[in-house]
Amino acid sequence: MPHFEAVTVSGARLELETEDLGLRTAEVLGLMDRFRRKPALLRRLAQTHSATGPARSRLVELSLVQGIHSLRDGRPRGYSEEIVSVWRER
Amino acid sequence: MAREIGCSKPATQTPGAVLQRAAAGLGRWWYPSLPHNRVVVFRGIIYAFVIVDVLLTSFAIGWHGELPGELYQPLLIGRILPLPVPTPLLLSVIKTALLVFSALALVRKMPRLTGIAVFVLYLEWMVVNFSYGKVDHDRFALLVALAVLPTVSPNAAQDEGLDEAAGWALRCVQVAVVLTYFMAAYAKLRFGGIEWLNGATLVRAILRRGTVVADPLIAYPALLIGAQYLIVAFELASPLMLAKGRLGRVLLWAAFAFHAGIYATLRLSFIPHLVCLLAFLPVERLRPPWPVTTRRRRTGRGSPDRYSSQGPVCQGSATKLSRKALAERVSTR
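Residues numbered from 1 in each chain as written. Chains lettered and ligands numbered in written order. Predicted model: local features only at pLDDT ≥ 70, side-chain atom pairs only at ≥ 80, totals over all residues. Heavy atoms only, no water.

Draft legend 1. Highlighting the overall build of chain A. Looking only at helices and strands, one finds two helices and four strands in chain A. The N-to-C order of helical and strand elements in chain A reads β-β-α-α-β-β. For chain A, the spread of C-alpha atoms along the three principal axes comes to 50 × 25 × 25 Å. Relative to its 90 residues, chain A shows a buried fraction of 43%. (Helix = DSSP H or I, 4+ residues; strand = E, 2+ residues; numbered from the N terminus. Buried < 20%, exposed > 50% of the residue type's maximum accessible area, 1.4 Å probe, protein only.)

Draft legend 2. Representation of the overall build of chain B within the structure. Check the secondary structure of chain B and you find 12 helices and two strands. Counting from the amino terminus, chain B carries its helices and strands in the arrangement α-β-α-α-α-α-α-β-α-α-α-α-α-α. In chain B, which comprises 333 residues, the proportion classed as buried is 39%. The long-range fraction of contacts in chain B, counting pairs at least 24 apart against all pairs at least 6 apart in sequence, stands at 75%. (Contact = heavy atoms within 4.5 Å.)

Draft legend 3. Summary view of the interface of chain A and chain B. Tallying the contact residues gives 24 residues for chain A and 22 residues for chain B. Taking both partners together, chain A and chain B bury about 2100 Å²; carbon and sulfur atoms supply 64% of that area. Counting across the interface, chain A meets chain B through one salt bridge. Between B:Glu70 and A:Arg44 there is a salt bridge, with its nearest N and O atoms 3.0 Å apart. Sorting the residues of the side of chain A that touches chain B by element identifies helix H1 (25-37), helix H2 (40-51), strand E3 (59-72) and strand E4 (75-88) of chain A as the ones contributing at least two each. Here the element with the most residues in the side of chain A that touches chain B is H1(A); it accounts for eight residues. Partitioned by chemical class, the residues of the side of chain A that touches chain B number 11 nonpolar, six polar and seven charged. (Buried area = accessible area lost by both parts, 1.4 Å probe. Salt bridge = Lys/Arg side-chain N within 4 Å of Asp/Glu carboxyl O. Nonpolar A, V, L, I, M, F, W, Y, C, P; charged D, E, K, R; others polar.)

Draft legend 4. Summary view of helix H7 (residues 164-192) of chain B. Under the 1.5 Å per step criterion, the end-to-end length of H7(B) is 41 Å for 29 residues, consistent within 8% with the ideal 42 Å. Of the residues flanking the end of H7(B), it is B:Gly193, one or two places downstream, whose phi is positive at about 70°. (Expected span 1.5 Å × (residues − 1).)

Draft legend 5. Up close: the pattern of salt bridges. Residues and elements named next belong to chain B. If you walk through the whole model with that rule in mind, you get 10 salt bridges over all chains. The salt bridge involving Asp136 is made with Lys134; its shortest N-O contact spans 3.0 Å. Note on Lys134: relative accessible area 22%, which makes it partly exposed. A salt bridge links Asp138 to Arg139; its shortest N-O distance comes to 4.0 Å. Residues Asp138 and Arg139 agree in their burial class; the two are buried. Beyond isolated ion pairs, a larger network of salt bridges with shared partners links Asp53, Asp138 and Arg139.

Draft legend 6. Inspection of the sheet that holds E4(A) at higher detail. All names here are of chain A. Strands sit in the order E2-E1-E3-E4 across an open sheet of four strands; the sheet is antiparallel. Looking along the sheet, the strands with just one partner apiece sit at the ends: strand E2 (13-16) and E4. Between one strand axis and the next, the sheet turns by 25° as a mean value, whatever way the strands run. The sheet contacts of H2 involve strand E1 (2-8), E3 and E4, and relative to E3 the element is tilted by about 115°. (Pairing = 2+ DSSP bridges. Axes fitted to C-alpha atoms, helices over the stretch in contact; angles between N-to-C directions.)

Draft legend 7. Representation of the packing of helix H2 (residues 36-57) of chain B against helix H6 (residues 140-148) of chain B. Residue and element names in this part refer to chain B. Viewed as axis vectors pointing N to C, H2 and H6 meet at an angle of 120°, and their least axial separation amounts to 11 Å. One finds that H2 runs oblique with respect to H6. Of the two elements, H2 crosses H6, and the hand of that crossing is left-handed. Each of Phe42, Ile46, Tyr47, Phe49 and Val50 in H2 lies in contact with H6, whose residues at this interface are Leu142, Ala145 and Leu146. Taken together, the residues that form the contact of H2 with H6 break down as eight nonpolar, no polar and no charged. (Parallel < 35°, antiparallel > 145°, perpendicular 65-115°, else oblique. Left-handed = near helix turned anticlockwise from the far one by under 90°.)

Draft legend 8. Local environment of the environment of B:Val135. Position of B:Val135 relative to the elements: it lies in the loop between helix H5 (111-129) and H6. For the pair formed by B:Val135 and B:Met110, sequence separation is 25 residues and the distance between their alpha carbons is 32 Å.

Draft legend 9. Layout of helix H10 (residues 245-266) of chain B. Residue and element names in this part refer to chain B. In this model, H10 (22 residues) spans 32 Å end to end at C-alpha, consistent with the 32 Å of a helix rising 1.5 Å per residue. Buried within H10 we find Gly248, Leu251, Leu252, Ala255, Phe258, His259, Ile262, Thr265 and Leu266. Buried residues of H10, seen end-on, are gathered within an arc of 160° and therefore sit on one face of the element. Looking at the buried residues of H10, the elements they touch are H7, helix H8 (201-209), helix H9 (221-237) and helix H11 (271-277). Of the residues flanking the end of H10, it is Arg267, one or two places downstream, whose phi is positive at about 55°. (Arc of directions from axis to C-beta.)

Draft legend 10. Expanded view of a negative patch on the surface. All names here are of chain A. Negative charge collects at one region of the surface, where Glu15, Glu17, Glu19, Asp20 and Glu81 lie side by side. For Glu17, the location among the structural elements is in the loop between E2 and H1. For Glu17, a relative accessible area of 45% corresponds to the partly exposed category. (Patch = residues over 30% accessible without salt bridge, like charges linked within 9 Å, V, L, I, M, F, W, Y side chains within 5 Å. Areas by Shrake-Rupley, 256 points an atom, 1.4 Å probe, with all protein chains shown as cover. Lys, Arg positive; Asp, Glu negative; His and termini not counted. Charge placed at Lys NZ, Arg CZ, Asp CG, Glu CD.)

Draft legend 11. Focus on the nonpolar core. Counting residues in each nonpolar core, the largest one holds 88 residues, and the members touching the most others are A:Leu45, A:Leu62 and B:Met241. Considering each element in turn, this core owes the most residues, 10 residues, to H7(B). Contact partners of A:Leu45, with chain neighbours within four places excluded, come to A:Phe4, A:Leu21, A:Leu23, A:Phe35, A:Leu62, B:Leu67, B:Pro68 and B:Leu71. (Core = buried A, V, L, I, M, F, W, Y, C linked by side-chain atoms within 4.5 Å.)

Draft legend 12. Region of interest: the confidence of the model for chain B. Residue and element names in this part refer to chain B. Considering every residue of chain B, the mean pLDDT works out to 85; 83% of them sit at 70 or more. Below pLDDT 50 for its whole length, residues 297-333 participates in 29 contacts with residues either more than four positions away or in separate chains. As a predicted assembly, this complex carries a pTM of 0.82 together with an ipTM value of 0.86. (pLDDT = per-residue confidence, 0-100.)

Right, dumping it as structure tokens:
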């Protein structure tokens, strides 16, 4: 399951569902390679998100994180996360 | 003089005659004479569903207007046609127009024109829906239904009779429903290969969105692999839904059971597709709990058949009469 992690201008760390940024989970899965190749797309998502909230919740960092379940004999045996793409405001 | 009846010599089976008979049989299959009322009721269900869909089940499409334009990857149709990149304003206009035209089509106001408008607008609504990295297959039959329904005669006088045009429209929806299943199996085998059957697709789906019914099943991978075999077997057998008689009915109810199981385990509703499955059922027999008025052909005031087809006034509410006219008719009986 993919999700986003963000840092606001006030330093708060947020975990965002894909829907919080206007995308359905399956859409993020379909766009995963594009996010990986072009982290600037995360900047545009962050800008869109920031435009609708108060100034202190403006995002200065946004990461796309993919959850990975490992299986053994067809049964889930572990969980890890991969950071697919990161954008940070300079 | 006596005439010989019957013929002891078998008819010649020329290839042309065989082809002709096959073409005639195919024509009868594509254009079955079905009750016009069936397609009228089905049309009402479809346009009512479009309203519900735009407001409730596909509301997330509205989010796409807020997304950066770079994420818009139009489908082939969107690359061929000069369709605009979605904006909040564009999607609001499409949504409003869809609601207005669907409501007009629902009440049979200029049904051909409003039906075509609904189809074009809903197609664009779906192009927007599916141009951000995900394409659903549960709306294919609905799009086909919206495309063919405007071809059905809007003449209310035909409602009681049999109609090949109605049969053709319903047959198209049925074929689209079957293709949805069959092509889903093809896609699984095309992209996943035969190994898809032994893969972990259902495990992944349960981990992602399993319900309390599905979560315990994760401990039984063999059961889930068996379910994958069953799913593909059902999808490959789906053309049998078009068969007459018990076989077709069994497959149809298997489809409903399949979707009930999918919803109970994964909360995937396939509502647009389920609505189109109704094309297989005699929906004209459905009776809403409220009184129904059926529109009849208008005849002139002086026309001799003005009341001839109305029957006794107490046989339901099929005719539209004013309270005064109704009282007059009752008093004369």
